[in-house]
Amino acid sequence: QLQAFGGGLVQAGGSLRLSCEASGSVFSINVMGWYRQAPGKQRELASNITSVGSTNYVNSVKGRFTISRDNAKNTVYLQMNSLKPEDTAVYYCYALIRQYGGRVYFTHWGQGTQVTVSS
């Protein structure tokens, strides 16, 4: 399972750090990342990172968000700086996980954490 931490309320220009840990029967994790869904909008990929550290960001967060992971802890982080009101959304972590005894990777989702940026 995936458990996310770190959401909250912050003023514009502030920072938050999200984390998401995979636990349970985890043999290997491929991609980890974060989607977000703002009110009335479709869910979009905010950022992801591969097992070897290659990263991807949606244009609107480039230069402000930094994704990283600790493979030993099966944890992904999203450092969000210079936050804007338009970053307000529920952030969902996800990971492509291969479990012990399994041969394929399946997508697992965290519970979602609310990020609210006030103007």
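Above this text sits the structure in question.
The rules behind the values
Residues numbered from 1 in each chain as written. Predicted model: local features only at pLDDT ≥ 70, side-chain atom pairs only at ≥ 80, totals over all residues. Heavy atoms only, no water. Disulfide = S-S within 2.5 Å. Helix = DSSP H or I, 4+ residues; strand = E, 2+ residues; numbered from the N terminus. Buried < 20%, exposed > 50% of the residue type's maximum accessible area, 1.4 Å probe, protein only. Phe/Tyr/Trp six-rings, centres within 6.5 Å; stacked < 30°, edge-to-face > 60°. Lys NZ or Arg CZ within 6 Å of the ring centre and 35° of its normal. Contact = heavy atoms within 4.5 Å. Core = buried A, V, L, I, M, F, W, Y, C linked by side-chain atoms within 4.5 Å. Salt bridge = Lys/Arg side-chain N within 4 Å of Asp/Glu carboxyl O. Pairing = 2+ DSSP bridges.

1. Some details on the state of the cysteines
Working definition of a disulfide: a covalent bond connecting the sulfur atoms of two cysteines. Within the structure shown, the criterion is met by one disulfide. Two residues, C20 and C93, share a disulfide whose sulfurs are 2.0 Å apart. Residues C20 and C93 are joined through a disulfide that is right-handed, its torsion about the S-S bond being 50°. Taken together, the positions of C20 in strand β3 (residues 16-22) and C93 in strand β9 (residues 89-98) put the pair 73 residues apart, joining distant regions of the chain. Here C20 matches C93 in class, with each residue buried.

2. Some words on the packing of aromatic side chains
Counted according to the given criterion, the structure contains four aromatic pairs. Each ring, one from F27 and one from Y100, has its centre 5.4 Å from the other, and the planes form 75°; the classification is edge-to-face. Of the two residues, F27 is situated in the loop between β3 and β4 (28-37) and Y100 in the loop between β9 and β10 (106-109); the sequence distance between them amounts to 73 residues. F27 gets classed as partly exposed once you look at its relative accessible area, which sits at 44%. What links up through ring pairs into an aromatic cluster is the set Y35, Y94 and W109. Above the ring of Y92, the side-chain terminus of R43 is found at 3.9 Å from the ring centroid.

3. A closer look at the environment of C20
The buried category is assigned to C20, whose relative accessible area is 1%. Expressed as a C-alpha distance, the spacing of C20 and A89, which sit 69 residues apart in the sequence, is 16 Å. If we skip the residues at most four places from it in the chain, C20 touches L2, Q3, A4, M32, W34, N74, T75, V76 and C93.

4. Details of the nonpolar core
In terms of nonpolar packing, the biggest core is built from 28 residues, with W34, F65, L78, M80 and Y91 touching the most fellow members. If you list the elements that add at least two residues to this core, you get β1 (2-5), β3, β4, β7 (65-70), β8 (75-80), β9 and β11 (113-118). For this core, the element with the most residues is β9, which contributes five residues.

5. Focus on the pattern of salt bridges
Side chains carrying opposite charge are able to pair once their charged atoms draw close together. Within the structure shown, the criterion is met by three salt bridges. In this structure, E44 engages R36 in a salt bridge whose closest nitrogen and oxygen atoms are separated by 2.7 Å. For R36, a relative accessible area of 6% corresponds to the buried category. For R36, the salt bridge is made with D87, and the minimal N-O distance between the two is 3.0 Å. Placement of the pair is R36 in strand β4 and D87 in the loop between β8 and β9, with a sequence separation of 51 residues. The network of salt bridges with common partners includes R36, E44, R64 and D87.

6. Description of the pairing of β1
The side chains of a regular strand alternate between both faces of the sheet. Of the two faces of β1, the one holding L2 and A4 is buried and the one holding Q3 and F5 is not buried anywhere. As judged from the four bridges shared by β1 and β3, these two strands associate in the antiparallel manner. Bridge pairing in β3 places F5 opposite S19.

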